[in-house]
Amino acid sequence: MKTTSLNKTHHDMKAKMVDFGGWEMALHYGSQLDEHHNVRTDAGMFDVSHMLAVDINGKAARDFLRRLVANNVDKLTQPGKALYSCMLNLQGGVIDDLIIYFLTESHFRMVVNAGTADKDIAWMLARRDEIAPGLEITPRRDLAMIAVQGPNARAKVWQVIAGAQAATENLQLFQATTYDKYFIARTGYTGEDGFEIMLPSNDAAGFWRALNAAGVAPAGLGARDTLRLEAGMNLYGQDMDETTSPLESGLAWTVDLKSDRDFIGKQALLAIPVTKKLIGLILLERGVLRSHQKVSMQYDDSESEGEITSGGFSPTLNQSIALARLPLKVTAGDEVRVLVRDKMLRAKVVKYPFVRNGKSLI
Amino acid sequence: MSIPNDLKYTKSHEWVRLEDNGTATVGITQHAQELLGDMVFVETPTVGRKLNQGEECAVVESVKAAADVYAPIAGEVTAANPDLESSPQKINEDAYSAWLFKLKPVNVADLNSLLDAAGYQKILESEED
């Protein structure tokens, strides 16, 4: 199994380790619920070094990205700014979702998911050869990534990295800067404020220990999943994949269909009618919603069906929530039924996110 | 991991304690709760329900997954733990005191077919391989 540079540290901290797409990662360090609450109320840290940073260097970088991804990198005008986007195949399916940082006109940095990293690189290299043969595409496995998240996350990072406060306190959301050996971005996957920090792998264990000493509790992939679900953030492989359209995955806001720019997958998206949408569910009875459970609803005396893409227990709301792909006519406030194990349970359709900055939005 | 000597066990990770009044108390083991993680939902059988040995009769659901609980022996349900509906985490806190339900066994001798602590320990060791 592949390991991150923090693997030994996780074992030392008594993490429950699991196989996550071929990577041995921490699921939790004792209690997933405690870790979740730490992030909502104080600060927690995640090793996300299994994700891959990819540097794109060369004069044609922006032109290449204009064609490669569905969101429009021309929105990136200020150095350090970041953009969330999908990378689509010719059928309009999602190869991966990713973040692109604009550093200079000849240097962009992309962060892609762990499980898709190899196919992403292969796809990008093949498209590079067609679109911009001179461009350099460099996977950065030499970098570790640590997400520090929560209302007190930034202040605790500033305690650990001397001098970082002045360099990063004015960072906007979705903006990054380089400070010393750190690449510090005000981004995250929890719905809380905080940083995602890249640094040389060799320095990761020391930084992790220092954050812990400053009161940042380690958190595992379990809490990461419940936090992102509450925050209404998509998980690749569950909420969308190569067979689903971003327009039926709650990601229309990331797809630029307004400009004349032609990106890979655009023609397919324009040609295929949208019949479903991603929307939130709250379970009205006792139980737990899980991915792949069937959702059914009555409209005009006919039965419609859909499916939960991500479901779980929300520790902040203390009830079960889900994202589900349902027919377009479903709207917030409707009541639907979900087949939970052997029972049909009632659930209410809601808009998501469910939780932001520690507060319920429901 | 300590496995209490005074209990009986199943391969599916239930524990059973024979009480002085002849009823059998059932829960899930420390190993099972560790595998599942933080509990968020428990469904216990209704009092009066008659269970066959090995019948699905309860559900414990954690942040991670749902797991069925099976009747270790045949019997009639005489009580279900009322605390677990509001406080499922009691199973995480102490798996051997957070019982799920109590049974009046059809045949107390059925308990002899279950594993003792040493036998259960062997099952756990074989699962690790």
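Just above, that's the structure.
Let me sum up the structure you'll find in this document. (Residues numbered from 1 in each chain as written. Chains lettered and ligands numbered in written order. Predicted model: local features only at pLDDT ≥ 70, side-chain atom pairs only at ≥ 80, totals over all residues. Heavy atoms only, no water.)

Observations regarding the overall build of chain B
Next, step 1: Each helix and strand counted, chain B has four helices and nine strands in total.
Next, step 2: Of the regular secondary structure in chain B, the N- to C-terminal order runs β-β-β-α-β-β-β-β-β-α-α-β-α.
Next, step 3: Taking 2.2 N^0.38 as the reference for a compact globule, 129 residues should give roughly 14 Å; the C-alpha atoms of chain B span a radius of gyration of 14 Å, in line with that estimate.
Next, step 4: For chain B, the C-alpha atoms occupy an extent of roughly 35 × 35 × 25 Å along the three principal directions.
Next, step 5: Counting across all 129 residues of chain B, residues that qualify as buried make up 50%.
Next, step 6: A fraction of 61% describes how many contacts in chain B between residues 6 or more apart in sequence connect residues 24 or more apart.
Next, step 7: Entry remark: accessible area of chain B is about 6,100 Å², with carbon and sulfur atoms responsible for 46%.
Next, step 8: Each charge class in chain B was averaged separately, 10 positive and 22 negative side chains, and the resulting centres sit 6 Å apart. (Helix = DSSP H or I, 4+ residues; strand = E, 2+ residues; numbered from the N terminus. Rg over C-alpha atoms; globule rule 2.2 N^0.38 Å. Buried < 20%, exposed > 50% of the residue type's maximum accessible area, 1.4 Å probe, protein only. Contact = heavy atoms within 4.5 Å. Areas by Shrake-Rupley, 256 points an atom, 1.4 Å probe, with all protein chains shown as cover. Lys, Arg positive; Asp, Glu negative; His and termini not counted. Charge placed at Lys NZ, Arg CZ, Asp CG, Glu CD.)

Remarks on the overall build of chain A
Next, step 1: Scanning chain A from terminus to terminus reveals nine helices and 21 strands.
Next, step 2: Rg of the C-alpha trace for chain A: 21 Å, near the compact-globule value of 21 Å for 362 residues, within the 12% margin.
Next, step 3: Across its three principal axes, chain A shows a C-alpha extent of roughly 65 × 50 × 40 Å.
Next, step 4: Residues classed as buried in chain A amount to 59% of the 362 residues present.
Next, step 5: Carbon and sulfur atoms provide 51% of the accessible area of chain A, an area that totals close to 14,800 Å².
Next, step 6: For chain A, the distance from the average position of its 42 positive side-chain charges to the average position of its 43 negative side-chain charges is 3 Å.

Some details on the interface of chain B and chain A
By convention, interface size is frequently given as the accessible area that disappears when the constituent parts associate.
Next, step 1: Residue-level contacts link 15 residues of chain B with 12 residues of chain A.
Next, step 2: Buried surface at the junction of chain B and chain A, summed over both partners, amounts to about 1,300 Å²; 48% is from carbon and sulfur atoms.
Next, step 3: Per-residue buried area on chain B facing chain A is highest for Asp38, Phe41 and Val63 of chain B; these three make up 37% of the total on that side.
Next, step 4: Seen at the junction of chain B and chain A, the total is four salt bridges.
Next, step 5: Where Lys343 of chain A meets Glu43 of chain B, a salt bridge forms, and the shortest distance between an N and an O atom there is 2.8 Å.
Next, step 6: At the boundary of chain B and chain A, one finds 11 residue pairs in polar contact (both at pLDDT 80 or more).
Next, step 7: Looking at the side of chain B that touches chain A, the elements with two or more residues in it are strand S4 (39–43), strand S6 (56–62) and strand S7 (66–70) of chain B.
Next, step 8: With four residues, S4 of chain B is the largest single contributor of residues to the side of chain B that touches chain A. (Buried area = accessible area lost by both parts, 1.4 Å probe. Salt bridge = Lys/Arg side-chain N within 4 Å of Asp/Glu carboxyl O. Polar contact = N/O pair within 3.5 Å; in protein donor to acceptor, adjacent residues only side chain to side chain.)

Remarks on the sheet that holds S7 of chain B
All names here are of chain B.
Next, step 1: Pairing is antiparallel across the open sheet formed by three strands, whose spatial order is S4-S6-S7. Of all strands in the sheet, those bounded by a partner on one side alone are S4 and S7. Shown here is a sheet whose adjacent strand axes are inclined to one another by a mean of 20 degrees, direction ignored.
Next, step 2: With five bridges connecting them, S6 and S7 associate as antiparallel partners. Counted as the bridge partner of Glu56 is Tyr70 from S7. (Pairing = 2+ DSSP bridges. Axes fitted to C-alpha atoms, helices over the stretch in contact; angles between N-to-C directions.)

Description of the side chain of Arg62 of chain A
Residue and element names in this part refer to chain A.
Next, step 1: Mapped onto the elements, Arg62 comes out in helix H3 (residues 61–68).
Next, step 2: Here Arg62 falls in the buried class, since its relative accessible area comes to 10%.
Next, step 3: Reaching out from Arg62, the side chain makes a polar contact with the side chain of Glu105 at a distance of 2.7 Å.
Next, step 4: Setting aside residues up to four positions removed in sequence, Arg62 forms contacts with Val73, Asp74, Leu76, Phe102, Glu105 and Phe108.

Observations concerning the pattern of salt bridges
All names here are of chain A.
Next, step 1: Taken as a whole and judged by the stated rule, the model has 32 salt bridges over all chains.
Next, step 2: One salt bridge connects Asp63 with Arg66, and the closest N-O pair in it is separated by 2.2 Å. Separated by three residues within a single helix, Asp63 and Arg66 lie in helix H3, roughly one turn from each other.
Next, step 3: Residue classification places Arg66 among the partly exposed residues on the basis of a relative accessible area of 25%.
Next, step 4: Among the ionic pairs, Arg127 bridges to Glu130, the shortest N-O distance being 2.9 Å. Note that Arg127 and Glu130 are positioned in helix H4 (residues 117–131) at a spacing of three residues, about one turn of the helix.
Next, step 5: Among the charged side chains, a network of salt bridges with common partners joins Arg62, Asp63, Arg66, Asp74 and Glu105.

Re the pairing of strand S14 (residues 276–283) of chain A
Residue and element names in this part refer to chain A.
Next, step 1: Burial of S14 is extensive: six of the eight residues sit out of reach of the surface.
Next, step 2: Note: S14 against strand S17 (residues 319–327), seven bridges, orientation antiparallel. Along S17, the bridge assignment pairs Ile282 with Ile321.
Next, step 3: Sheet topology places S14 next to strand S19 (residues 343–350); four bridges connect them, and they run antiparallel. The residue bridging Gly280 from the neighbouring strand is Val350, located in S19.

Points about the pairing of S4 of chain B
All names here are of chain B.
Next, step 1: The element S4 is extensively covered by neighbouring structure, given that four of its five residues are classed as buried.
Next, step 2: Relative to S6, S4 runs antiparallel, the two being bridged by four bridges. Across the sheet, residue Val42 finds its bridge partner in S6, namely Val60.

Quick look at the nonpolar core
Residues and elements named next belong to chain A.
Next, step 1: Residues Phe46, Leu88, Tyr101, Met145 and Met198 are the most contacted members of the largest nonpolar core, which totals 32 residues.
Next, step 2: Breaking this core down by element, the ones donating at least two residues are strand S5 (82–88), strand S6 (94–104), strand S9 (143–149), strand S11 (182–185) and helix H8 (221–230).
Next, step 3: When sequence neighbours within four positions are dropped, the list of residues in contact with Phe46 reads Val39, Met145, Ile146, Ala147, Gln149, Thr190, Trp208, Ala219, Gly220, Ala223, Arg224 and Leu227. (Core = buried A, V, L, I, M, F, W, Y, C linked by side-chain atoms within 4.5 Å.)

Observations regarding helix H4 (residues 117–128) of chain B
Residue and element names in this part refer to chain B.
Next, step 1: With 12 residues, H4 should cover 16 Å at 1.5 Å per step; its first-to-last C-alpha distance of 17 Å lies within 8% of that length.
Next, step 2: Of the positions making up H4, those classed as buried are Ala117, Gly119, Tyr120, Ile123 and Leu124. Seen along its axis, H4 keeps its buried residues to an arc of 165 degrees; they face one direction. In H4, those exposed residues whose orientation departs by more than 90 degrees from the buried face are Lys122 and Glu128.
Next, step 3: Where H4 is buried, its residues meet strand S1 (8–9) and helix H1 (30–36). (Expected span 1.5 Å × (residues − 1). Arc of directions from axis to C-beta.)

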